[in-house]
Amino acid sequence: MNWVWQAATYDWSNGTPGYKYNYGCLGCRAYRANGCGLLTDYVESGYASSYESDIGYYQPTWERKGYGPDDPVTDFDCG
């Protein structure tokens, strides 16, 4: 997601348009209800290099499972 926050929509009216659209940032360890915690946490940490080296740690569930943002949703256990 490259530090770009997106809320989950759970909007299945268009079929399964993609993981990013339906699940957004859910499952990411930096997920905050109102935005990406990386943006504030990174600044508050004094721009600690661990945020850059641990980037795989900060991914939504669907991304860690190897799905792309526009892949059709087939795994409904990503929220």
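The shown structure was predicted, so the numbers you read here are calculated from the model rather than taken from an experiment.

A. Representation of the overall build of the protein. Secondary structure assignment for the protein yields four helices and two strands. Ordered by position from the N terminus, the helices and strands of the protein form the series α-β-β-α-α-α. For the protein, buried positions account for 30% of its 79 residues. Long-range contacts, defined here as pairs at least 24 residues apart, represent 56% of the contacts in the protein between residues at least 6 apart.

B. Highlighting the packing of aromatic side chains. As enumerated under the stated definition, the model contains four aromatic pairs in all. On the basis of an interplanar angle of 25 degrees and a centroid distance of 6.3 Å, the ring pair of Tyr-19 and Trp-62 is categorised as stacked. Of this pair, Tyr-19 sits in helix 1 (residues 19-23) while Trp-62 sits in helix 4 (residues 61-64), placing them 43 residues apart in sequence. For the pair Tyr-19 and Trp-62, one class covers both residues: buried.

C. Structural view of the side chain of Thr-61. With respect to the secondary-structure elements, Thr-61 resides in helix 4. Once residues lying within four places of it in the same chain are set aside, the contact partners of Thr-61 are Leu-26, Gly-27, Cys-28, Asp-77 and Cys-78.

D. Looking closely at the environment of Tyr-10. Along the polypeptide, Tyr-10 turns up in the segment before helix 1. Through-space distance from the C-alpha of Tyr-10 to that of Tyr-21 is 8.0 Å; in sequence the pair is eleven residues apart.

E. Geometry of the pattern of salt bridges. Considering all chains together, one arrives at one salt bridge under this definition. Lys-65 serves as the salt-bridge partner of Asp-75, at 3.0 Å between the closest nitrogen and oxygen. Note that Asp-75 is positioned in the segment after helix 4 and Lys-65 in the segment after helix 4, a separation of ten residues in sequence. On the basis of relative accessibility, which here comes to 15%, the residue Asp-75 falls in the buried class.

Rules and cut-offs
- Residues numbered from 1 in each chain as written.
- Predicted model: local features only at pLDDT ≥ 70, side-chain atom pairs only at ≥ 80, totals over all residues.
- Heavy atoms only, no water.
- Helix = DSSP H or I, 4+ residues; strand = E, 2+ residues; numbered from the N terminus.
- Buried < 20%, exposed > 50% of the residue type's maximum accessible area, 1.4 Å probe, protein only.
- Contact = heavy atoms within 4.5 Å.
- Phe/Tyr/Trp six-rings, centres within 6.5 Å; stacked < 30°, edge-to-face > 60°.
- Salt bridge = Lys/Arg side-chain N within 4 Å of Asp/Glu carboxyl O.

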